[in-house]
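Each chain is listed here by its residues.
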2 protein chains.
Amino acid sequence: VPVFDEVVISLKKMNQVIDIDDLGGVMRCEAGCVLETLDERLKEHGLMMPIDLGAKGSCHIGGNVSTAAGGLRYMRYGSMHGNVLGLKAVLPSGEVLDVQNTLRKDNTGYDMKQLFIGAEGTLGIVTEVGLQLATLPKSVQTIFLGAPDWPALCNIFRRARSDLGEILSAAEMIDGEALDLILDIMKERSPVEKRCPYYMLIETNGSNAEADQAKLMEFLAAAEEAGIVADGTIAESGAQAKHIWSMREGCAIAPTSAGHVRWYDISMPSVNMKEMIDLAREAVSVAGFADKAKIIGFGHFGDGNLHINVVTIPEFDAAVVEAVDRFVYGFSRDRGYSVSAEHGIGLQKRGYLTYTKSEATVAHMRKIKDLFDPNGIMNPYKMFAP
Amino acid sequence: VPVFDEVVISLKKMNQVIDIDDLGGVMRCEAGCVLETLDERLKEHGLMMPIDLGAKGSCHIGGNVSTAAGGLRYMRYGSMHGNVLGLKAVLPSGEVLDVQNTLRKDNTGYDMKQLFIGAEGTLGIVTEVGLQLATLPKSVQTIFLGAPDWPALCNIFRRARSDLGEILSAAEMIDGEALDLILDIMKERSPVEKRCPYYMLIETNGSNAEADQAKLMEFLAAAEEAGIVADGTIAESGAQAKHIWSMREGCAIAPTSAGHVRWYDISMPSVNMKEMIDLAREAVSVAGFADKAKIIGFGHFGDGNLHINVVTIPEFDAAVVEAVDRFVYGFSRDRGYSVSAEHGIGLQKRGYLTYTKSEATVAHMRKIKDLFDPNGIMNPYKMFAP
């Protein structure tokens, strides 16, 4: 995103798939390919992209690499650092760094491609990507559970990881107050009847629907017997699964229609997410903003990634943003959390980089920046002050 | 391994586990922890290490990180680049680069830890590691199959990936001539009765033994009906599973008792492994070494990682090594394969680094080396000539 005097370069015409090896499960493509288009293309090979995002219809794979995008399949299929096999990047000197390949393993020298994954374009422009792909699951199951309290929610996840193990592909958490608020904004009904303090959306990806359903039923029966589930539903149709997912997606999208939204994206131990949400609400209240700001707490429980969306109703209020920033980032720094799990640093969080990384580490990052981009022309202003 | 005038630093007293978070499935430990000891320790938490190697009883986790070790669980649990969450490294200046953490996601600035993964100690000494762990499987199944020909072997893998999907944890290939040779050296019987041109060892890791066995039976029945399996056996006891694995481990270990062994570790498309083994045998024969050198072709089929062990009987013969080096590395360069999949560059392959990476890329690696280690004191002679 240009903010001052930058030149914007679009790669959208570099949208060709170079090759797909369906035995190896690998692909090479140009950076301007749209994520969803790639996913569609891979279906006929029985494969799928290892990442999935809300923005899949418009985001480019080159951007996914440059931001080290996480998304909804992260828990199961892992990070871009693990899935990108190679890339080409044009350096600010005009030189092309070509470490493109589709080899799953290549231990020859430093893994230079890693520097470009998540560099937000500040070292060069990624123009081609080699990717490890995932097998297209034959069975996808979606369930939505309400937990009677926070420890129960943690135990639902613990049991899901143990009982569903290899088919568990998502475990998303929504806070009860957050669901009330977004249901109100969306004019929708909750997937479960009982109002609970915390909810979890669980998705499985497997190769055999019958076996997966049997596992899910066993898991649910055991969870109910253990008293950790207060209410729950299994999607019995695509439409029902979509409705369940709309709750999770609504957390991110719906609030924008109600007021001004400030997004937070914290990496932290999942067990402490409740504490963070509670304290954020308290901070807003203590600062006297209880009437004009609402907090939506949700996130990728299985990945230790909490999102907090603060909705200022009806419009932007700098004082609210300042109060919440101070609390959320300060608390993250004090606890050793990261101020950005999957959304990078950019301009907004530039001043908070040292909240997560030591001054010494940031100094080394700057040396890397100077090595590749001595004139500071690549995505200037972002990540570090020029 | 010291070769000239190096000082060797042992980290074996830095062997403490710092903490284990069993809800998050993450751990921090010192670099001198032995891999197998960590794995044992994690069992009580229902967790396991994401890597497994033949050398697990003696190798240190710091070394696993510094060499970006691959191993037997790679296909399922992925690379160190994906599983290492943080680390501490002592730089040659004496400064400590502290990017230790246990956060699964952290997109704040360049991912500095990645440079130290696979750097073979040439940038600094890794002293602490934060790791993402795997869930301990409740069911482990092992089968050994013989294929009537190479395309059938490829189809066994294709079908296994599709039918066993999420439980598939290893797909190891052994060439028929290789198995004959190691059975002869080991004085052992093959797990299957029929002598086949290619064999595949398949292992599954799952959460439910009954469901896994049902999936395996279905897979086997379908593979037999498709005519891609000539003979096969499912391990019905731990002892039988161990016997099957001893075939695969024997490929690496047994030849050392028969003569001098030269190891190769090539990253390449699995579909072309047969061609590489055939041509290597031909190269040995054409060079007139058919009587004194035998080739054992095997490897991680699921990861595109071929091992070739050349056994010179009864002792080292420089001419044989030279002939095979020339062929294997030359062929790898011409085809765009990598001359090292999981064993790094070290001293032996230093001259072959540019077979895999362009001169321009190696020049950038040297700049990184100079940035961290301007005096060239860290693991000198290795990777690059001083």
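Residues numbered from 1 in each chain as written. Chains lettered and ligands numbered in written order. Predicted model: local features only at pLDDT ≥ 70, side-chain atom pairs only at ≥ 80, totals over all residues. Heavy atoms only, no water.

> What's the story with the overall build of chain A in this structure? I'm lost.
Scanning chain A from N- to C-terminus turns up 13 helices and 14 strands. Radius of gyration (C-alpha) of chain A: 22 Å, near the 21 Å computed for a compact globule of 386 residues. With respect to the principal axes defined by its C-alpha atoms, chain A has extents near 60 × 55 × 35 Å. For chain A, the proportion of contacts with a sequence separation of at least 24, taken over those separated by at least 6, is 73%. (Helix = DSSP H or I, 4+ residues; strand = E, 2+ residues; numbered from the N terminus. Rg over C-alpha atoms; globule rule 2.2 N^0.38 Å. Contact = heavy atoms within 4.5 Å.)

> Would you mind showing me how to read the UniProt feature "domain: FAD-binding PCMH-type" (unreviewed entry) in chain A here?
In the numbering used here, UniProt assigns the feature "domain: FAD-binding PCMH-type" (unreviewed entry) to residues 1-136 of chain A. This span, residues 1-136 of chain A, is 20% helix and 24% strand, and a straight line between its end C-alpha atoms measures 33 Å. (UniProt positions renumbered as here; feature names shortened; annotations may be inferred.)

> Whenever I open this one, the sheet that holds strand β11 (residues 231-234) of chain A confuses me. Can you help?
The strands making up a sheet associate through backbone hydrogen bonding, with each pair oriented either parallel or antiparallel. Residues and elements named next belong to chain A. If you walk across this open sheet you meet the seven strands as β11-β8-β10-β9-β13-β14-β12, and the pairing is antiparallel. Either end of the sheet is taken by a strand with one partner, and the two such strands are β11 and β12 (260-267). Averaged over neighbouring strand pairs, the angle between their axes works out to 15° when direction is ignored. Where strand β9 (residues 168-175) and strand β10 (residues 198-206) come together, seven bridges link them in antiparallel fashion. Paired with E172 across the two strands is L201, which belongs to β10. Set on the sheet, helix α8 (residues 209-225) makes contact with β8 (139-147), β10 and β11; between it and β8 the angle comes to about 10°. Running over the sheet, helix α11 (residues 318-335) touches β12, β13 (293-300) and β14 (305-312) and is turned about 5° from β12. (Pairing = 2+ DSSP bridges. Axes fitted to C-alpha atoms, helices over the stretch in contact; angles between N-to-C directions.)

> When you look at the interface of chain A and chain B in this model, what are you seeing that I'm missing?
Bring the parts together and some accessible area is lost; that lost area is often taken as the interface size. Facing 87 residues of chain A, the contacting portion of chain B comprises 87 residues. For chain A, the biggest contributors to the area lost against chain B are A:L23, A:K105 and A:Y110; these three give 16% of the whole. In this structure, B:K105 and A:D303 form a salt bridge, with 4.0 Å as the shortest nitrogen-oxygen distance. Of the residues forming the side of chain A that touches chain B, the biggest block, nine residues, is contributed by helix α13 (residues 359-372) of chain A. Classifying every residue of the side of chain A that touches chain B by side-chain character gives 34 nonpolar, 32 polar and 21 charged. (Buried area = accessible area lost by both parts, 1.4 Å probe. Salt bridge = Lys/Arg side-chain N within 4 Å of Asp/Glu carboxyl O. Nonpolar A, V, L, I, M, F, W, Y, C, P; charged D, E, K, R; others polar.)

> Explain the domain arrangement of chain A to me, please; I cannot follow it from the model alone.
All names here are of chain A. Segmenting chain A into domains produces domain 1 (17-135), domain 2 (139-252) and domain 3 (259-343). The straight-line distance from the C-alpha centre of domain 1 to that of domain 3 is 31 Å. Counting residues at the interface gives six residues for domain 1, matched by four residues for domain 3. Carbon and sulfur atoms supply 50% of the area that domain 1 and domain 3 bury against each other, a total of about 410 Å² over both sides. The three residues of domain 1 that bury the most area against domain 3 are G71, Y74 and M75, which together make up 60% of that side's buried surface. Counting every contact that joins domain 1 to domain 3 gives zero salt bridges. Taken together, the connections running from domain 1 to domain 3 amount to two residue pairs in polar contact (both at pLDDT 80 or more). Of the residues that constitute the side of domain 1 that touches domain 3, the class distribution is three nonpolar, three polar and no charged. (Domains from an automatic or database assignment. Polar contact = N/O pair within 3.5 Å; in protein donor to acceptor, adjacent residues only side chain to side chain.)

> Where do I start with the relation of the copies chain A and chain B in this structure?
These two copies of the chain differ by a rotation about an axis and a displacement along the same axis. Overlay of chain A on chain B (RMSD 0.0 Å): rotation 180°, translation along the axis 0.0 Å. Such a combination of rotation and displacement between the chain copies is what one expects of a two-fold axis. Every residue of chain A has its C-alpha some distance from the rotation axis, and the shortest such distance is that of A:G82, at 2.1 Å. Both copies contact each other with a shared surface, as 100% of the interface residues of chain A are interface residues in chain B too. (Least-squares fit on C-alpha atoms with pLDDT ≥ 70 in both.)

> Even after reading the chapter, I still don't get the pairing of strand β1 (residues 17-21) of chain A, so can you show me in this structure?
Successive side chains on a regular strand alternate, one facing one side of the sheet and the next facing the other. All names here are of chain A. Examined bridge by bridge, β1 and strand β2 (residues 26-30) share four bridges and lie antiparallel to one another. Residue V17 lies in a different strand from β2, and its bridge partner there is C29. What sits between β1 and β2 in their antiparallel hairpin is a turn of four residues, with G25 showing a positive phi close to 70°.

> Explain the pattern of salt bridges here, please?
Proximity of charged atoms lets side chains of opposite charge pair with each other. One pass over the full model with this rule turns up 48 salt bridges over all chains. Here A:E275 ties to A:R335 by a salt bridge, and the two come within 2.6 Å at their closest N and O atoms. With a gap of 60 residues between them, A:E275 in helix α10 (residues 273-286) and A:R335 in helix α11 connect regions that are remote in the sequence. Classification of A:E275 as partly exposed rests on a relative accessible area of 28%. Owing to a relative accessible area of 37%, A:R335 belongs among the partly exposed residues under this scheme. A network of salt bridges, in which partner residues are shared, links A:K105, B:D303 and B:E342. (Buried < 20%, exposed > 50% of the residue type's maximum accessible area, 1.4 Å probe, protein only.)

> Got a minute to help me understand the packing of aromatic side chains in this structure?
Residue and element names in this part refer to chain A. Scanning all chains against the criterion turns up 24 aromatic pairs over all chains. An angle of 85° between the planes, with centres 5.6 Å apart, marks the rings of F116 and F372 as edge-to-face. Placement of F116 in helix α5 (residues 113-116) and of F372 in helix α13 is noted, with a sequence separation of 256 residues between them. Just as F116 is buried, F372 falls in that class too. Ring centres 4.3 Å apart and planes at 35° place the aromatic pair Y329 and Y352 in the tilted group. A residue pair is termed long-range when its members are at least 10 positions apart, and Y329 in helix α11 and Y352 in the loop between α11 and α12 (353-356) qualify at 23 residues. On the basis of relative accessibility, which here comes to 1%, the residue Y329 falls in the buried class. (Phe/Tyr/Trp six-rings, centres within 6.5 Å; stacked < 30°, edge-to-face > 60°.)

> Sorry if this is basic, but what is going on with the pairing of strand β9 (residues 168-175) of chain B here?
Residues and elements named next belong to chain B. Extensive coverage of β9 is indicated by the burial of eight of its eight residues. The pairing of β9 with strand β13 (residues 293-300) spans three bridges and is antiparallel. Of the residues in β13, the one forming a bridge with I174 is F298.

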